[in-house]
Amino acid sequence: MKKLTNCKGDPLPIFGKGIVTHCDVEPGAVPFDSVWNLKVLMVSDLSTGSSDIPVPEAGQFYMIRSAKSGVLLGRPISVYMSRKAGEAAHIEFLILKKGKGTQELCALKKNDEVELIGPTGNSFPAPQKTDKVCIVGGGIGVAPVAGFASTLAPKSYDFFASFKSGSYGLEYIKANELTVTTDDGSVGLHGMLPAALTAQTLKEKGYTVLYACGPTPMLAYVQKICLDAGVQSYLSMEKNMACGVGACLGCTITTTEGNKRCCKDGPVFKGEILQFEPPKNKPVFGSARGNDGKIAEFEPDLSVNIAGIRFENPVIAASGTFGYGSEYSTIFDVNKLGGICSKGLTLLARPGNTGVRLVETPSGLINSIGLENPGIEHFIEHELPSMLALKPVTIANLSGSSIETYVDGAKLLDKTAVPMIELNISCPNVKAGGMGFGMDCELASTVTRAVREVTKKPLMVKLTPNAPDLIGIAMAVREAGADAISLVNTFQAMSIDLNTGRPVFDNIRAGFSGPAVKPIALRMVYDVIQVMNKLPESERIPVVGLGGISCWQDAVEFLMAGAAAIQVGTATFADPYTMIEIVKGLSDYMKQKGFKSIKEFRGLAQ
């Protein structure tokens, strides 16, 4: 099959397979392990079966991911170096280890397979013979411009490289003058790019064209000094991408010529058409950061208070995923958690649902457990003592099928030493035709008020995300006496057996949880807190956020949305250490940002 080309005869991007030939830490990068060198032999075009692979030009990039990837999207990585090897192509990348996708790429081993879409985007235009060339690279942006420099004649250009600390990616550069700056002074000149390159420098050196790639603030600075000095600039831009081939319009940037696609119209643009907007928000820091920008050493206080109950930290094991605490005690130290919600408890013992109970989905889990539990009296006699013996705050999750069963269960729990009750109103009300208590404002208010009247325990009401008026229900349970709210419970979902053509679960519908629900759960928590904050402070109640939380970054997002604490459920099944890692990640984040307590950054997003 003949390869497709554009009107200019340039090859269009292909979907290909590559074999890793090298993956290791890039020397000189600081901190160690922050930048990796990945070399790939691209061997076949999966879309045509051809083994004749195009070689990328300087400035182009690939959408790349492991063939056994755990992420949805490939990551756009600029080409560092490339060369033809028979019909195959050797391609070299420098990768800044940052998020999940790049961490995955940096963990590749020799002979691992990768999938690539590319080469995509345009390339740096060649300078004229009479041009005096200046090339600028900042941080990981040094990769594409270093690759471009290698295509030019040695000593025909000057190269400026700017880093926060250390230096890397300069081995192929044969510049007339190589100038390195570092913010910490570890290599070359002390300072960032302005310490070495200004509009006056451009004029004095007589540069006529400048090529640059780096962080956006640096490129904005380069654009300005080039305009001031009358120097033509070509800037390589970066944007989050989905398709990488110009189809989705997710990577558009604003220019004087209208919106441009970074992946298709770029990533290299004439500097004068770019419109750099100042950042909408500045980085936030806590009270431990002094006027000099330095953060004093301190131990952050992770404790939170919910309805008068103190938790050592805001990480709580969610009901239904952690048993009664002791089940995981041989795997990790459960005493490091802030709290533990018991398995869902009903007045009488329940056998749970029949048939299939679990179905794994991409980034999630559908469950149809059916509140199997030994009953409240059995819990009080057998499980509760061992829960209370643990350091985390014990929370009894109370469920029911009628107002009466909720009330009777609450009466029994009220006589115990359990510190808090979590009232699960996602359950169906048998006397109301099976409608969930949490689906209707009046039902939710009625059951909350009825339980409130029979217990003095702090009452946290757990809401379902399936309610048509979540905010209305949240306000209704608050008015009915709830001391706190936890949300969200699982989302309604289903699965179909391809062999039988029938629903997998006996009840047809089941509860969906896991990382996939996190953005929706976060939005719901944000919405409820936003309305809650409009009330007088004395009338507000705390909101505990849950739904898809699987790392400390997720936890910080929920706290910044205004959550008083967070609960973790399904993620524990994937990695039993998840909650411990979240506690540690929160502490490290607070030290890095100078937040002495959770309250210093809680609700910042509101």
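Above this text sits the structure in question.
To start, this report covers the structure provided alongside it.

Conventions we followed
- Residues numbered from 1 in each chain as written.
- Predicted model: local features only at pLDDT ≥ 70, side-chain atom pairs only at ≥ 80, totals over all residues.
- Heavy atoms only, no water.
- Axes fitted to C-alpha atoms, helices over the stretch in contact; angles between N-to-C directions.
- Helix = DSSP H or I, 4+ residues; strand = E, 2+ residues; numbered from the N terminus.
- Parallel < 35°, antiparallel > 145°, perpendicular 65-115°, else oblique.
- Left-handed = near helix turned anticlockwise from the far one by under 90°.
- Contact = heavy atoms within 4.5 Å.
- Pairing = 2+ DSSP bridges.
- Buried < 20%, exposed > 50% of the residue type's maximum accessible area, 1.4 Å probe, protein only.

**Digging into the packing of helix 5 (residues 376–388) against helix 6 (residues 403–414)**
Between two packed helices, both the angle of their axes relative to each other and the distance between the axes serve to describe the pair. Where helix 5 contacts helix 6, the two axes come as close as 10 Å, and the packing angle between them is 20°. As judged from the angle between their axes, helix 5 and helix 6 are roughly parallel. Note that helix 5 runs across helix 6; the crossing there is right-handed. Note on element contacts: helix 6 touches helix 5 through Gly409, Leu412 and Leu413, opposite Ile376, Glu377, Phe379 and Ile380.

**Some thoughts on the sheet that holds strand 3 (residues 61–66)**
Read from one edge of the open sheet, seven strands run 4-3-7-1-2-6-5, paired in antiparallel fashion. On the outer flanks of this sheet lie strand 4 (75–78) and strand 5 (81–85), each paired with one strand and no other. In this sheet, adjacent strand axes meet at a mean angle of 35° when their direction is disregarded. Relative to strand 2 (residues 35–45), strand 1 (residues 14–25) runs antiparallel, the two being bridged by nine bridges. For Lys17, the partnering residue across the bridge sits in strand 2 and is Ser44.

**Description of the pairing of strand 25 (residues 459–462)**
Both faces of strand 25 are covered, namely the face carrying Leu459 and Val461 and the face carrying Met460 and Lys462. Strand direction decides the pairing type here: strand 24 (residues 420–424) and strand 25, joined by four bridges, are parallel. For Leu423, the partnering residue across the bridge sits in strand 25 and is Val461. In terms of strand pairing, strand 25 meets strand 26 (residues 484–487) through three bridges, oriented parallel. Across the sheet, the residue bridging to Lys462 is Ser486, located in strand 26.

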